[in-house]
Number of protein chains: 2
Amino acid sequence: MTALIDEKLLTLKRLAPKTILVHEGSISDEMIFIIKGCIRAWYNAEGQDITLQFFFEGDSVTSLESFLKNIPSTINIETLEECEVGILKKSNFSGLIKTDSEFKELFYETAIDKLLIHHNRLLSLLKDKPFHRYQQLLTEKPGIFQRIPQHYIASYLGITPVSLGRIRNRK
Amino acid sequence: MTALIDEKLLTLKRLAPKTILVHEGSISDEMIFIIKGCIRAWYNAEGQDITLQFFFEGDSVTSLESFLKNIPSTINIETLEECEVGILKKSNFSGLIKTDSEFKELFYETAIDKLLIHHNRLLSLLKDKPFHRYQQLLTEKPGIFQRIPQHYIASYLGITPVSLGRIRNRK
DNA sequence: GCGCAACGATAACAATTGTTAAGAAATAAA
DNA sequence: TTTATTTCTTAACAATTGTTATCGTTGCGC
């Protein structure tokens, strides 16, 4: 999707690990494109940190509801490792949507793709046991345990770190 | 959303309970608008019936991936009770998207709204125990147990009918 | 290089959910 | 009205996951 964006509209930045990009309660006015690195979205459930999603190179990242509807975000977004990103300001985004029909088309296609990703994740949570979800994750992202702390992965899978340890030791 | 659709483009139909509207493996070329009744989307996991979503009056229903991308649907959609629906054929839908920018805008807004609904459902599955999900469902749809068999509701919540029975008896 | 923080592993016990089976109640069909 | 099917409830046992606690390892910061 960045191929359609004039380089002048993207602000390049290098971010340290644990940099907060979106904070719950704040309105998000940036869309981030990951050039290099890893980012996660998480939800604060009364002090409990629930990991919702991981993003890698080539992904676009934002709190969509906050970004599009100008309401406070319910989620947090932060870097897991040092990242190189391109940042698209909301004002530039809105300009592109108005003037560049190809960009608008691609944005909506991307939104539909994200819907299908969420749908599949939802489906997996309903039909698969934690062990099977763990296996699927390994199949899709073989190197994930080298990049991401396993307690975040456990949270993403919907289980505790202790349970993930048991699952990993299962044969 | 139907307010923007010329009545001539909607085919009105009355459907019996257990009518299959979308079948896994088939390409879906209709978008259904519920005037009256209840419909559910479900996934066949090797013979296991997983209920994904319920739709009620005012909702639009389709297998989005199949409808938009012309690929076989992975889900099934069927009526739970006698329904009155309006059906919009894919060809009419495409015509509206091309010619009616207001309709197109609204369709994409609706798609974003569906994304947020999926996001919230995903979040609930990750952070809430079945009992809490059950309570949320009662809060959001108080009369749901009068309209839908409890074994479908159990499936939707991600638990077995036996577990749902235990939860309902918990005080 | 040392101290601290973060990460990871494991055990024991508790709680919850799944599975299987049986039977009652409600609904649908003949 | 009767029969068949579907839905619902419950018990007993099995399996899985959560909780709490402890300790070892690795990585970070000074």
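Up top you'll find the structure we're talking about.
Reference entry: report on the structure contained in this document. (Residues numbered from 1 in each chain as written. Chains lettered and ligands numbered in written order. Predicted model: local features only at pLDDT ≥ 70, side-chain atom pairs only at ≥ 80, totals over all residues. Heavy atoms only, no water.)

What follows is about the interface of chain B and chain A. Note on interface size: it is often stated as the accessible area lost on association of the parts. Taken together, the contacts link 32 residues of chain B with 32 residues of chain A. Buried area between chain B and chain A, summed over both chains or domains, comes out near 2900 Å², and the portion from carbon and sulfur atoms is 79%. The largest share of the area that chain B buries against chain A comes from B:L115, B:L122 and B:L126, three residues that together contribute 22% of it. Applying the counting rule to chain B against chain A returns 4 salt bridges. Here A:K104 and B:E105 are joined by a salt bridge, their closest N and O atoms 3.4 Å apart. With 17 residues, the single largest contributor to the side of chain B that touches chain A is helix α3 (residues 101–127) of chain B. Classifying every residue of the side of chain B that touches chain A gives 18 nonpolar, 6 polar and 8 charged. (Contact = heavy atoms within 4.5 Å. Buried area = accessible area lost by both parts, 1.4 Å probe. Salt bridge = Lys/Arg side-chain N within 4 Å of Asp/Glu carboxyl O. Helix = DSSP H or I, 4+ residues; strand = E, 2+ residues; numbered from the N terminus. Nonpolar A, V, L, I, M, F, W, Y, C, P; charged D, E, K, R; others polar.)

Glancing now at the side chain of B:T62. All names here are of chain B. Assignment of secondary structure puts T62 in the loop between β6 (60–61) and α1 (64–69). Relative accessible area serves as the criterion here: at 14%, T62 is assigned to the buried category. Only 3.3 Å separates the side chain of T62 from the side chain of S28, close enough to count as a polar contact. Residues in contact with T62, not counting those within four places in the same chain, are S28, E30, M31, F67 and I77. (Buried < 20%, exposed > 50% of the residue type's maximum accessible area, 1.4 Å probe, protein only. Polar contact = N/O pair within 3.5 Å; in protein donor to acceptor, adjacent residues only side chain to side chain.)

Looking at DNA strand C, there are 15 residues lining it, with A:Q150, A:N169, B:P130, B:S163 and B:R166 nearest. When atoms of DNA strand C within 4 Å of the protein are split into backbone and base, the sugar-phosphate part holds 63%. Contact between DNA strand C and A:Q150: a phosphate oxygen at 2.8 Å from a main-chain N or O atom of the residue. Between DNA strand C and B:T160, the relevant distance is 3.1 Å, taken from a phosphate oxygen to a main-chain nitrogen or oxygen of the residue. For the surface near DNA strand C, the secondary structure elements donating two or more residues are α6 (150–157) and α7 (161–169) of chain A together with α7 (161–169) of chain B. (Near = heavy atom within 4 Å.)

This paragraph deals with the packing of helix α3 (residues 101–127) of chain A against α3(B). Orientation of α3(A) relative to α3(B), taken along the N-to-C sense of each, is 30 degrees, at an axis distance of 9 Å. On the basis of the axis angle, α3(A) is roughly parallel to α3(B). Two packed elements cross with a definite hand, and for α3(A) against α3(B) that hand is left-handed. Among the residues forming the contact of α3(A) with α3(B), the class breakdown is 14 nonpolar, 4 polar and 8 charged. (Axes fitted to C-alpha atoms, helices over the stretch in contact; angles between N-to-C directions. Parallel < 35°, antiparallel > 145°, perpendicular 65-115°, else oblique. Left-handed = near helix turned anticlockwise from the far one by under 90°.)

Residues and elements named next belong to chain A. We note that E46 has phi near 50 degrees; this positive angle belongs to a residue other than glycine. Relative to the helices and strands, E46 resides in the loop between β4 (39–45) and β5 (48–55). Of the residues examined, E46 reaches a relative accessible area of 85% and is grouped as exposed. Unusually for a residue other than glycine, N70 sits at a positive phi of about 60 degrees. Checked against the element boundaries, N70 lands in the loop between α1 (64–69) and β7 (76–79).

The local shell around DNA strand D holds 15 residues, among which A:P130, A:S163, A:R166, B:Q150 and B:N169 are the closest. Take B:R166: an N or O atom from its side chain is 3.1 Å from a base nitrogen of DNA strand D. Elements with a minimum of two residues in the surface near DNA strand D: α7 of chain A together with α6 (150–157) and α7 of chain B. In the surface near DNA strand D, the residues fall into 5 nonpolar, 6 polar and 4 charged.

Here α3(A) contains 27 residues, and its C-alpha end-to-end distance of 39 Å stays within 8% of the 39 Å for a straight helix at 1.5 Å per residue. The N-terminus of α3(A) is capped by A:D100, whose side-chain oxygen sits 3.1 Å from the backbone nitrogen of A:E102. (Expected span 1.5 Å × (residues − 1).)

With that out of the way, let us pick up the nonpolar core. Counting residues in hydrophobic clusters, the biggest one holds 44 residues, and the most contacted among them are A:I39, A:I77, B:I39 and B:I77. One finds A:F33, A:L115, B:F67 and B:I97 within the second-largest nonpolar core, a separate group that totals 28 residues. (Core = buried A, V, L, I, M, F, W, Y, C linked by side-chain atoms within 4.5 Å.)

For side chains bearing opposite charge, pairing can occur when the charged atoms are close. All names here are of chain A. A full pass over the atoms with the stated rule returns 22 salt bridges over all chains. Between R40 and E78 there is a salt bridge whose closest N-O contact spans 3.2 Å. Of this pair, R40 sits in strand β4 while E78 sits in strand β7; the two residues are 38 residues apart in sequence, bridging distant segments of the chain. Overall, R40 belongs to the buried group, its relative accessible area being 1%.

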